[in-house]
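# Chain and residue survey
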Amino acid sequence: MSESNGSEGRRFPAPQELAASANVGPDVYERAEADRLAFWEEAARRLTWTQDWDQVLDWSNPPFAKWFVGGKLNVAYNCLDRHVEAGHGDQVAYHWEGEPGDTRTLTYAQLTEEVCKAANALIELGVQAGDRVAIYMPMIPETIVAMLACARIGAVHMVVFGGFSADALASRITDAGAVVVVTADGGYRRGAPSALKPAVDDALTRTEGVRNVLVVKRTEQDVEWTEGRDLWWHDVVDRQSPQHTAESFDAEHPLYIMYTSGTTAKPKGILHTSGGYLTQVAYTHWATFDLKPDSDVYWTAADVGWVTGHSYIVYGPLANRATSVVYEGTPETPHRGRWFELIEKYRVSILYTAPTVIRTFMKWGEDIPAGFDLTSLRVLGSVGEPINPEAWLWYHQNIGGGRCPVVDTWWQTETGAHMITPLPGVTDLKPGSAQTPFPGISAKVVDDEGNELGDDSTGLLVLTAPWPSMLRTIWGDDDRYVDTYWSRFGKEVYFAGDGAKKDADGDVWLLGRVDDVMNVSGHRISTTEVESSLVAHPAVAEAAVVGASDPTTGQGIVAFVILRGSAQDSGEDLVQQLRTHVSKDIGPIAKPRQIMVVQELPKTRSGKIMRRLLRDVAENRELGDVTTLTDDSVMNLIKEKLPASSSSEG
Ligand code: WT7
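Keep in mind it's a predicted model, so treat the numbers as computed, not measured.

Moving on to the overall build of the chain. A tally of regular secondary structure across the chain gives 21 helices and 30 strands. Since a compact globule built from 650 residues should have a radius of gyration of about 26 Å, the 24 Å found for the chain is in line with a globular shape. In the chain, which comprises 650 residues, the proportion classed as buried is 62%. For the chain, the proportion of contacts with a sequence separation of at least 24, taken over those separated by at least 6, is 71%. Taken as two groups, the 59 positive and 89 negative side-chain charges of the chain have centres that lie 1 Å from each other.

Surrounding the ligand, one finds 18 residues, the nearest of these being D408, T409, T413, D498 and R513. In the environment of the ligand, a nitrogen atom lies 3.1 Å from a nitrogen or oxygen atom belonging to the backbone of G384. T413 places a side-chain nitrogen or oxygen 2.5 Å from an oxygen atom of the ligand. Surface burial for the ligand is 96%, taken as the share of its 550 Å² of free accessible area covered by protein chains. Within the residue set of the shell around the ligand, elements represented by two or more residues are α12 (307-319), β20 (406-409) and β25 (508-513). Considering only residue class, the shell around the ligand consists of six nonpolar, seven polar and five charged. Shared between two domains, the shell around the ligand holds at least three residues of each, these being domain 1 (16-473) and domain 2 (517-641).

Residue placement: F164 occurs in the loop between β7 (156-159) and α8 (166-176). We classify F164 as buried; its relative accessible area is 11%. In sequence terms F164 and I586 are 422 residues apart; their C-alpha atoms lie 6.1 Å from each other.

Right, let's talk about the environment of G565 for a bit. Tracing the sequence through the fold places G565 in the loop between β29 (554-563) and α19 (571-585). Residues G565 and T527, spaced 38 residues apart in sequence, show a C-alpha to C-alpha distance of 24 Å.

So, about the packing of aromatic side chains. Under the defined criterion, the tally for this structure stands at 36 aromatic pairs. Between F39 and Y283 the ring centres are 5.4 Å apart and the planes differ by 85°, which places this aromatic pair in the edge-to-face class. One end of the pair, F39, is in helix α3 (residues 36-44); the other, Y283, is in helix α11 (residues 275-288), with 244 residues separating them in the sequence. Just as F39 is buried, Y283 falls in that class too.

Here we come to the domain arrangement of the chain. Here the domain parsing of the chain yields domain 1 (16-473) and domain 2 (517-641). Listed per partner, the contact involves 23 residues of domain 1 and 21 residues of domain 2. At the boundary of domain 1 with domain 2, total buried surface from both sides reaches about 1,600 Å², with 45% on carbon and sulfur atoms. A per-residue breakdown of the area domain 1 buries against domain 2 is headed by S261, A265 and W306, which together make up 27% of the total. There are one salt bridge connecting domain 1 and domain 2. Where R524 meets E414, a salt bridge forms, and the shortest distance between an N and an O atom there is 2.8 Å. At the junction of domain 1 with domain 2, the criterion picks out 12 residue pairs in polar contact (both at pLDDT 80 or more).

Reading across from one edge, β21-β22-β24-β25 is the order of the four strands in this open sheet, with antiparallel pairing throughout. The open sheet has two free edges, formed respectively by β21 (443-446) and β25, since each of these has just one partner strand. Here the strands of the sheet are splayed against their neighbours by 45° on average, with no regard to which way each runs. Bridge analysis of strand β22 (residues 457-463) against strand β24 (residues 494-502) gives six bridges, and the strand direction is antiparallel.

Once that is clear, we can look at empty space enclosed by the protein. For the structure on display, the rule yields three cavities of 30 Å³ or more. Along its surface, the largest cavity is lined by L73, N74, V75, A151, G154, F249, H253, P254, L255 and S274. The class makeup of the residues in the lining of the largest cavity is six nonpolar, four polar and no charged. In this structure, the second largest cavity encloses a volume near 40 Å³.

Here we come to the pattern of salt bridges. The final tally for this structure, using the stated rule, is 39 salt bridges. In this structure, E332 and R190 form a salt bridge, with 2.6 Å as the shortest nitrogen-oxygen distance. Here E332, found in the loop between β17 (323-327) and α13 (338-346), pairs with R190, found in the loop between β9 (186-189) and β10 (192-195); they are 142 residues apart in sequence, far enough to count as distant. Across the pair D515 and R513 runs a salt bridge, and its minimum N-O distance is 2.6 Å. Taken together, the shared-partner salt bridges in this structure form one network comprising R11, K430, D503, D505 and D507.

Moving on, we come to the UniProt feature "modified residue: N6-acetyllysine" (unreviewed entry) in the chain. Residues given the UniProt feature "modified residue: N6-acetyllysine" (unreviewed entry) here are K608. In this structure, K608 is in contact with P602 and K603, ignoring residues within four places of it in sequence.

Our next topic: the side chain of D498. With respect to the helices and strands, the residue D498 is situated in strand β24. The class for D498 is buried, based on a relative accessible area of 7%. Here W410 takes part through its side chain, which lies 3.4 Å from a polar atom of the side chain of D498. With residues near it in sequence (within four places) discarded, D498 still touches W410, Q412, G459, L460, L461, L510, G512, R513 and V514.

Attention now goes to the packing of helix α2 (residues 27-34) against α3. The N-to-C vectors of α2 and α3 enclose an angle of 120°; their axes lie 5 Å apart at closest approach. Here V28, R31, A32 and A34 of α2 come into contact with α3, specifically with R36, F39 and E42. Each residue belonging to the contact of α2 with α3 can be placed in one class, and the counts come to four nonpolar, no polar and three charged.

The end-to-end C-alpha distance of helix α7 (residues 141-153) is 19 Å, a good match for the 18 Å that 13 residues give at a rise of 1.5 Å each. With respect to burial, α7 is a largely interior element, 13 of its 13 residues being buried. After α7 finishes, the residue G154 shows a positive phi value of roughly 80°.

With 117 residues, the main nonpolar core has L111, L148, V314 and Y315 as its most contacted residues. Among the elements that line this core, the one with the most residues is α7, at nine residues. Core analysis: the next-biggest nonpolar cluster, separate from the first, contains 50 residues, I525, V530, L574 and A590 among them.

As for its position among the elements, T107 is in strand β5 (residues 103-107). At 3.3 Å, the side chain of T107 and the backbone oxygen of G89 are in polar contact. Among all residues touching T107, those that are not within four sequence positions of it are G89, D90, Q91, V92 and A93.

Calculation rules
- Residues numbered from 1 in each chain as written.
- Predicted model: local features only at pLDDT ≥ 70, side-chain atom pairs only at ≥ 80, totals over all residues.
- Heavy atoms only, no water.
- Helix = DSSP H or I, 4+ residues; strand = E, 2+ residues; numbered from the N terminus.
- Rg over C-alpha atoms; globule rule 2.2 N^0.38 Å.
- Buried < 20%, exposed > 50% of the residue type's maximum accessible area, 1.4 Å probe, protein only.
- Contact = heavy atoms within 4.5 Å.
- Lys, Arg positive; Asp, Glu negative; His and termini not counted.
- Charge placed at Lys NZ, Arg CZ, Asp CG, Glu CD.
- Near = heavy atom within 4 Å.
- Polar contact = N/O pair within 3.5 Å; in protein donor to acceptor, adjacent residues only side chain to side chain.
- Areas by Shrake-Rupley, 256 points an atom, 1.4 Å probe, with all protein chains shown as cover.
- Nonpolar A, V, L, I, M, F, W, Y, C, P; charged D, E, K, R; others polar.
- Domains from an automatic or database assignment.
- Phe/Tyr/Trp six-rings, centres within 6.5 Å; stacked < 30°, edge-to-face > 60°.
- Buried area = accessible area lost by both parts, 1.4 Å probe.
- Salt bridge = Lys/Arg side-chain N within 4 Å of Asp/Glu carboxyl O.
- Pairing = 2+ DSSP bridges.
- Axes fitted to C-alpha atoms, helices over the stretch in contact; angles between N-to-C directions.
- 1 Å grid on protein atoms, 1.4 Å probe; cavity = no way out; pocket = protein on both sides within 12 Å on 5 of 7 lines; lining within 4 Å.
- Points joined across faces, edges and corners; volume = space filled by probe spheres on them.
- UniProt positions renumbered as here; feature names shortened; annotations may be inferred.
- Expected span 1.5 Å × (residues − 1).
- Core = buried A, V, L, I, M, F, W, Y, C linked by side-chain atoms within 4.5 Å.

In structure tokens form, the structure reads like this:
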């Protein structure tokens, strides 16, 4: 989507006033270049450590990195207590807004107390440092409290997005070996309560090892109750002492696991640790958004169930003593101006969101943002997929009033924090490009053999030096960690899975995934995962899934299925059933946009499905090269089916 414009496009220089008082200036690149480790060491000094490190980086056993070796700290203390101790207890940490319009304000002092109580509650439930705690929650303050309570006692949290199914939850609980689940009766989405507890009950029939379920009351929906296992959050947490002394943990102590889709059906548990992770999320949050803790109101409009929420709703902002907005619901509820109303109400000055949302706002029209006072905004951010220049310009003009830099931040669940992004007080912005590796980050574009490419060329994105917030492994599977990320070009080169172009100025343009991973509304979904879900349905013999470009969601999921003999005539109803089946199996975000029933799938002589051709069909393009197909009449068969294809929208 971002191949247009290149270096000929318009430039937007950093606003003078912003540049003059920016947290970081142009010299930051030279400093980092001169001594990368000293640069990260200085970033780490922004945190409070109880014991100094002996070594900044241990890379003696690549790709297994250790950062700030020997250093000790407590992540929750860094996010909470130290700000209270420094006299900022009354500063608002979160302005929380529920979808129905109810609100809660939590100061740093109040949040610290809540986290201490929750930490004491987890200890009472027998949770120890290193134990895993699953969190399956709506966007309410207790979600953040639960995460920080885990961090405080050294337990490893594993947040599962509330939109995922019971199956997805069960497999993650099993893989992580969680002993406690924190959930809620439900949350509000699109104007109605949406239940969560039934999915937990269902998941726990299929997994062992969970001793307790801690349930927050949010929607007051009826819940099934398993005596002895289920406990109300308010019964257990509210009566705890608000005092808890944070213990220090090793810099490499595990902080959390976050599952993400890969190229096989089994999601990968990405493991992040403490010192390096907090160093880079805090530093990037401060530099990329030019965060000023005393005056900014910061809003990452994303779900805390994704890495964006972990790094830029919870850990980065709190480590920097930011005042943040958290919103529970969807942008169109109860009306399409809801986000703008929130920006006006809380005087939000920094907004961070995904291109898919911007394109949705574009569709709804510029009159909606024009109806609100958005003059408090000063920096805008984008994340999750390439932002097409048109959406960038619309965002800049209609939300940013033409005055706010838009920073397009490229990173991944695996990288933990920003890796390629402009800096708002430094960079001349090019709409649609993530532009520059962050200071201290070595990102390169290489060809298939791993040779570095010069300017004006297209290839694969790699990271050629370790970084503090990098994933440390895939939970329980070191081999898969090495295979997935560090085998294509050797053990010291991280293969990101994205295509990238360097323009004539050396600026980086991201071109989307090069593997079988789709990006739907900024969420990663594996084609294989959707295919396995489809073939698990009794009516389906074979399935192939591709991501077809979609004007709003970036990519849309298009499935081609071959039915089993007995199901041949089931038609439209069956297609609907299959879409619902995938949605229930994986989660609504994985629901195919379109399912086409076909007689055969195009395969190479070695039996590999030619997704490229299916993508051509799904995007209504002329077919590309079919010479490696076993039987090119297959494609004609598929194309013939198209006008009368069993497809559906919505
Ligand atoms: C994949 C990572 C980073 C948090 C949200 C997604 C794509 C992400 C950008 C961007 C172009 C982007 C990449 C990447 N991506 N940000 N600014 N420009 N592409 O995290 O689920 O781990 O997905 O999202 O393809 O590999 P994720």
